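Given next are the chains, with one letter for each unit.
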Amino acid sequence: MPLIRLDTGARSGAFVEDRFFFVPDGKAYPEEKGAIVTLARFQGEKDNLLAHRALIGVRLAAGDNPAVLKNDLPRLAAVVLEFPKFRDGRPFSWARMLRTRYDYRGEIRASGDFLPDQLFFMVRTGFDSFEVRQDFSLVDFDRALNEVSLAYQPSADGRKTIRELRAAR
Amino acid sequence: MAAPQQMLTANRLKDGAVLYWRGGDWVESLTAGEVFDEPAAADAALAAAQDFVGRNLVVTPYLFEVREDICGIHPLKEREIIRAAGPSVRADLGKQAPRRSPAGNPKSDDRKEDRDYVI
Amino acid sequence: MRTARAMYRYDEFDARFVAQRVEQFRGQVARRLSGELSEDQFKPLRLMNGLYLQLHAYMLRVAVPYGTLSARQLRKLAHIARRYDKGYGHFTTRQNIQFNWPRLVDVPDILAELATVEMHAIQTSGNCIRNVTADHFAGAAAGEIEDPRPLAEIVRQWSSLHPEFSFLPRKFKIAVSGAPNDRAALKFHDLAIEIVRDGDGRSGYRVFVGGGMGRTPYIGYVVGEFVEKPDILAFLEAVMRVYNEQGRRDNLYKARIKILANALGQDEMRRQVMLEFEEIKKTGTLALPPEELARIQAYFAPPEFEALSDEMPRAEGDFADWLKTNIAEHRAAGYAIATISLKPIGGVPGDASAEQMEALADLMDELGLAEIRVSHEQNLVLPHVRKKDLPRLHARLAALGLATPNAGLVTDIIACPGLDYCDLANARSIPIAQTISERFADLDRQHHIGELKIKISGCINACGHHHAGHIGILGVDKKGVEFYQLQLGGSGAEDASIGEILGPGFGRNEIADAVERVIGAYLELRRDGERFLDTYRRVGIVPFKNVAYGEELHAAY
Ligand code: SF4
């Protein structure tokens, strides 16, 4: 699946090569790339994984609270948050908690069913990479990020809120 | 017992107007619409309507039950009776509204009407 | 006289925010029309801008934040009704106005016009935090602790395009009030904030959670007994996060926070919210500095009240009737709160024509009134009228057909649009309201009956608040035919209660008779000074049940 990586400063995105390979439960790890595994597998093989592989990511289902990864986060290169359907807004909370409460600096990747028009919210809550369909255009991506530039509430993107902008006037 | 008669309806995308199917196209009034006696014909029309959905002309096509007799076409459900006419509490609005003559009072409805197209 | 600000005014940031949102929607509509977006993709986007597809056409729901409008805004609504719709608008139980016939292609222009008067349709639909409603007597009522609208405005801003809480399990409705008399149906909201005083006389916020109507009605409970003012946004985020993470997403009918609040129970809900609240507070990012609250409060400063005689003008005839019901006590001497009934006998509850809206705007200018309110009871309210102006106000309202003297009486009926407009409806609501209203048209009879709130919904979604009606009516569908269930004993006020279902439904031509028989039984049973609700609470449902289905009132009662 094509992967878009956010350029935070420019508020735009670029297609990048995936550093990872998703390893379904029960399958062998690839030789080269980093590995993304399910939460269950990570929890089962954690010591072995952390000892032998440099790049590890964990894929969470929408119902998995990333708090369970709290102590492992410094070793994780990516956390993948799954949108089972675009209406399921739990990953917005998970991403924001990863960034602001657990201070996670690695990649937060969106996967599954989400709409281009949700990208603004995703970026604001801390996502910085996106698994998209083959026909997804970067024009849509950049537009979704820039149509609305102002925000009333603090989130995880460090953007100045309208209240802060008012104060700085 | 024979299957109930059916008609096909949808809303026009650009303005939401209620439309009825007739012979591969759409009309604005129930009385001008096509009544299907056979379920198979109704289903075929519904399938054909998907083409209009795909072309972004109509949305949410669906079939509903009617009874046609010498007096006309009668939807079986209150919902479709009201949809075909307009709000039962405002006889001046919707499809039941009298067409305005040029000298008609423009106050209640003086926005531009695109009466000359169906789709 | 200092010109009253009376309401929030956009600064350049608010204006730009709304303008960006309008242009975003313009682009979305263009992409929909060109086919770049499918209906499935477009639907959530249009819903987040308040645009539905209803029975006959599109419907645009415009927010009237906390129910406050200026004359200029009212004029703009009239203009939109005339130019883009069919000459009228419908005021809803959530302090919104709905236009029933806009064309999709016109909606971006409508939103752009609204933006010129600092209005929008953002978050009037969708599974997000909806338009925040407030006591319609806010800032005017005698006995109020504080005007709740500054808080509502702060909540409005915080919740607008909230990145974390725009795809909640289900919609989320917030109401605020600053008075001991609950005119905002606080306990029927997903979340409600009441301004209260603690033992030392300081004001703060009591937060309720988990109220709601719909299929499973619940009365909300207190989740925060006394939240300090600077902490309110942190507290709200705590509640929202608990809900977003744990609210049910497997079943549409179990997705509201009321179900979670009830499943967790009060203690566990409080524990989780407090845990989250403490975490958020640590970061300090959501603290509301007193200066910010004061800055917003300044916008809502009431007019500088003149020193006027508190005497009511001499009244007789229609004017006297109107004063009896449509005037409420104001906090300032010489002033009154006037309710403009949108319930003419036999009319459509909540509808106002473009002409009426314009004439009201003119009247506001003439009487120096900076604001008008939309009430959740589908009426309008002029909050600061000089008592000496009341005769003139009444005369002008009468000429507009807006002086129906029935506020709070049996003909002041709440009714949702029902099957006449609504795509989700099972039955019509409006014609039932009209029949009952005509049945009780006689004003002496209405006064004899006293305060009685009839509320009608066309389906279980309960937009007409039937659960909270002293008499509630719910439309149901029996094989395509309309039927109506009767509920008694609900209340949306500070003594909130959920109505009890009487029994099998009534046909469309039977329901008004049943209501009349129930009211007849009340008149026989009531003791001095009892409202319908009081009598009902004293005697219970049984005597009404017998009578509603045609029996004589049993001698035992
Ligand atoms: S209660 Fe039902 S019928 Fe009435 S407006 Fe709401 S959804 Fe429509």
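Structural data are supplied above this passage.
Along each chain, numbering runs from 1 in the same order as the chain's sequence is written. Think of it this way: whatever chain is written first is A, whatever ligand is written first is 1, and the rest follow in order. Note on the predicted model: pLDDT of at least 70 is required for a residue's local features to be given, and 80 or more for side-chain atom pairs to be given and counted; whole-chain, interface and lining totals, by contrast, use all residues. Only hydrogens and water are set aside; all other atoms, that is, all heavy atoms of the structure, feed into the side-chain values.

As a further point, take the packing of helix H3 (residues 71-84) of chain C against helix H10 (residues 354-366) of chain C. Residues and elements named next belong to chain C. Interaxial angle, 0 to 180 degrees, is taken between N-to-C directions of lines fitted to C-alpha atoms, where a helix line uses only the stretch in contact. Under the DSSP-based scheme used, a helix requires at least four consecutive residues in state H or I and a strand at least two consecutive residues in state E, with every element numbered from the N terminus. Remark: H3 packs on H10, axes separated minimally by 8 Å, with the N-to-C direction vectors making an angle of 160°. As the angle between them shows, H3 and H10 are arranged roughly antiparallel. Handedness of the H3/H10 crossing: left-handed. Within the contact between the two elements, H3 uses Ala 71, Leu 74, Arg 75, Leu 77, Ala 78, Ala 81 and Arg 82 and H10 uses Ala 354, Glu 355, Met 357, Glu 358, Leu 360, Ala 361, Asp 362, Met 364 and Asp 365. As a working rule, the residues Ala, Val, Leu, Ile, Met, Phe, Trp, Tyr, Cys and Pro are called nonpolar, Asp, Glu, Lys and Arg charged, and the rest polar, with Gly in that last group. Split by residue class, the contact of H3 with H10 holds 10 nonpolar, no polar and six charged. For classification purposes, an angle smaller than 35 degrees is called roughly parallel, one larger than 145 roughly antiparallel, one from 65 to 115 roughly perpendicular, and anything else oblique. Here is the rule for handedness: rotate from the far helix to the near one, and if that takes an anticlockwise turn smaller than a right angle the crossing is left-handed, while a clockwise turn gives right-handed. We call two residues in contact when some of their heavy atoms are within 4.5 Å.

Counted as salt bridges are all cases of a side-chain nitrogen of Lys or Arg within 4 Å of a carboxyl oxygen of Asp or Glu. What the rule picks out here adds up to 86 salt bridges over all chains. A salt bridge links Arg149(C) to Asp147(C), with the shortest nitrogen-to-oxygen separation between them at 2.7 Å. Both residues of the pair, Arg149(C) and Asp147(C), belong to the buried class. Of the charged contacts in the structure, one is a salt bridge between Glu164(C) and Arg241(C), with a shortest N-O distance of 2.8 Å. Placement of the pair is Glu164(C) in the loop between helix H5 (149-159) and strand S7 (174-177) and Arg241(C) in helix H6 (residues 232-246), with a sequence separation of 77 residues. Judged by its relative accessible area of 1%, Arg241(C) is buried. Through salt bridges with shared partners, a single network forms among Arg5(A), Asp18(A), Arg19(A), Arg99(A), Glu107(A), Arg109(A), Asp128(A) and Glu131(A). Three exposure classes are used, based on accessible area relative to the maximum for each residue type with a 1.4 Å probe and protein chains only: buried under 20%, partly exposed in between, and exposed over 50%.

With 37 residues of chain C in contact, the opposing surface of chain B contributes 31 residues. Simply put, the buried area is the total loss of 1.4 Å probe accessible area from both parts when two parts are fitted together. The contact between chain C and chain B buries some 2,800 Å² in all, and 53% of this surface belongs to carbon and sulfur atoms. Looking only at chain C, the three residues that lose the most surface to chain B are His56(C), Lys86(C) and Arg103(C), adding up to 23% of its buried area. Here Asp423(C) ties to Arg79(B) by a salt bridge, and the two come within 2.9 Å at their closest N and O atoms. Here a polar contact means two N or O atoms within 3.5 Å. Within protein one must be a hydrogen donor candidate and the other an acceptor candidate, and residues neighboring in sequence count only if both atoms are side-chain atoms. Joining chain C to chain B, the criterion identifies 10 residue pairs in polar contact (both at pLDDT 80 or more). Within the residue set of the side of chain C that touches chain B, elements represented by two or more residues are helix H1 (12-34), H3 and helix H12 (430-439) of chain C. Counted by class, the side of chain C that touches chain B contains 17 nonpolar, seven polar and 13 charged residues.

Time to look at the nonpolar core. Counting residues in each nonpolar core, the largest one holds 162 residues, and the members touching the most others are Phe130(A), Ile232(C), Trp322(C) and Leu393(C). The greatest single-element share of this core, amounting to 10 residues, is contributed by H6(C). Those residues in contact with Ile232(C), other than ones at most four positions away along the chain, are Leu151(C), Ile193(C), Tyr205(C), Val207(C), Val227(C) and Leu288(C). Among buried residues, the Ala, Val, Leu, Ile, Met, Phe, Trp, Tyr and Cys ones that are joined through side-chain atoms within 4.5 Å form a nonpolar core. Core analysis: the second largest hydrophobic core is formed by 34 residues, Ile449(C), Leu525(C), Phe544(C) and Ala548(C) among them.

Residues and elements named next belong to chain C. Relative to the elements of secondary structure, Asn 49 occurs in the loop between helix H2 (39-47) and strand S1 (51-53). Residue class for Asn 49 comes out buried when judged on its relative accessible area of 3%. A polar contact of 3.3 Å, which involves the side chain of Asn 49, links it to the backbone oxygen of Leu 45.

Once that is clear, we can look at helix H14 (residues 511-525) of chain C. Along its 15 residues, H14(C) runs 21 Å from first to last C-alpha, staying within 8% of the 21 Å computed at 1.5 Å per residue. For H14(C), the full list of buried residues reads Ile511(C), Ala512(C), Ala514(C), Val515(C), Val518(C), Ile519(C), Ala521(C), Tyr522(C) and Leu525(C). What a helix is expected to span follows from its residue count: subtract one and scale by 1.5 Å.

Turning to the arrangement of the chains, a few remarks are in order. The chain pair with the greatest number of contacts, out of two pairs of chains in contact, is formed by chains A and C. In this structure chain A stays clear of chain B, and the shortest span between their C-alpha atoms is 18 Å.

A word on the packing of aromatic side chains. Here a pair means two rings of Phe, Tyr or Trp (six-membered ring of Trp) with centres within 6.5 Å. Their orientation is stacked below 30 degrees between planes, edge-to-face above 60, and tilted elsewhere. Applying the stated rule across the entire model yields 25 aromatic pairs over all chains. Judged by centre distance (5.2 Å) and plane angle (75°), the ring pair of Phe235(C) and Phe277(C) falls under edge-to-face. Residue Phe235(C) is located in helix H6, and its partner Phe277(C) is located in helix H7 (residues 257-283); the two are separated by 42 residues in the primary sequence. Residue classification places Phe277(C) among the buried positions, given a relative accessible area of 5%. Each member of the aromatic cluster is reached from another via a ring pair, and the members are Phe83(A), Phe92(A), Phe114(A), Phe120(A), Phe121(A), Phe127(A) and Phe167(C). The cationic tip of Arg55(B) hangs over the ring face of Phe52(B); the distance from NZ or CZ to the ring centre is 5.0 Å. Whether a charge sits over a ring depends on NZ of Lys or CZ of Arg being within 6 Å of the ring centre and within 35 degrees of the ring normal.

Moving on, we get to the sheet that holds strand S10 (residues 221-227) of chain C. Residues and elements named next belong to chain C. In this description, strands pair whenever DSSP reports at least two bridges between them. What the five strands build is an open sheet, ordered S6-S7-S8-S9-S10; its pairing is mixed. In this open sheet, the two edge strands, each paired with only one partner strand, are strand S6 (133-134) and S10. Relative to strand S8 (residues 191-197), S7 runs parallel, the two sharing four bridges. The partner of Ser 177 across the bridge, within S8, is Glu 194.

Next up on the list: the pairing of strand S2 (residues 12-16) of chain A. Look at any regular strand and the pattern is simple: side chains alternate between the two faces of the sheet. Here strand S1 (residues 3-7) of chain A pairs with S2(A) via five bridges, running antiparallel. By the bridge assignment, Arg5(A) is partnered in S2(A) with Ala14(A).

Moving on: H12(C). Every α-helical turn comprises 3.6 residues, leaving residues that sit three or four positions apart pointing alike. Residue and element names in this part refer to chain C. Among the 10 residues in H12, seven count as buried, and that is most of the element. Within H12 the residues assigned to the buried category are Ile 430, Pro 431, Ile 432, Ala 433, Gln 434, Ile 436 and Ser 437. Residues of H12 that are buried make contact with strand S16 (414-415), strand S17 (454-457), strand S18 (471-478), strand S19 (481-488) and H14.

Next up on the list: the interface of chain A and chain C. Contact residues are listed per partner, giving 34 residues for chain A and 45 residues for chain C. A buried area of about 3,600 Å², summed over both sides, lies between chain A and chain C, and 53% of it is on carbon and sulfur atoms. Here chain A and chain C share 10 salt bridges between them. Among the ionic pairs, Arg169(A) bridges to Asp11(C), the shortest N-O distance being 3.9 Å. Here chain A is connected to chain C by 21 residue pairs in polar contact (both at pLDDT 80 or more). Within the residue set of the side of chain A that touches chain C, elements represented by two or more residues are helix H2 (90-101), helix H3 (119-125), helix H4 (138-146) and helix H5 (162-168) of chain A. In terms of residue count, the dominant contributor to the side of chain A that touches chain C is H2(A) (seven residues). Among the residues forming the side of chain A that touches chain C, the class breakdown is 12 nonpolar, eight polar and 14 charged.

Before going further, it helps to examine the packing of H5(C) against helix H8 (residues 290-299) of chain C. All names here are of chain C. Put simply, H5 and H8 touch, their axes get as near as 9 Å, and they point 115° apart. Here H5 is positioned roughly perpendicular relative to H8, judged by the angle of their axes. Where H5 crosses over H8, the handedness of that crossing is right-handed. Note on element contacts: H8 touches H5 through Leu 293, Ile 296 and Gln 297, opposite Pro 150, Glu 153, Ile 154 and Gln 157.

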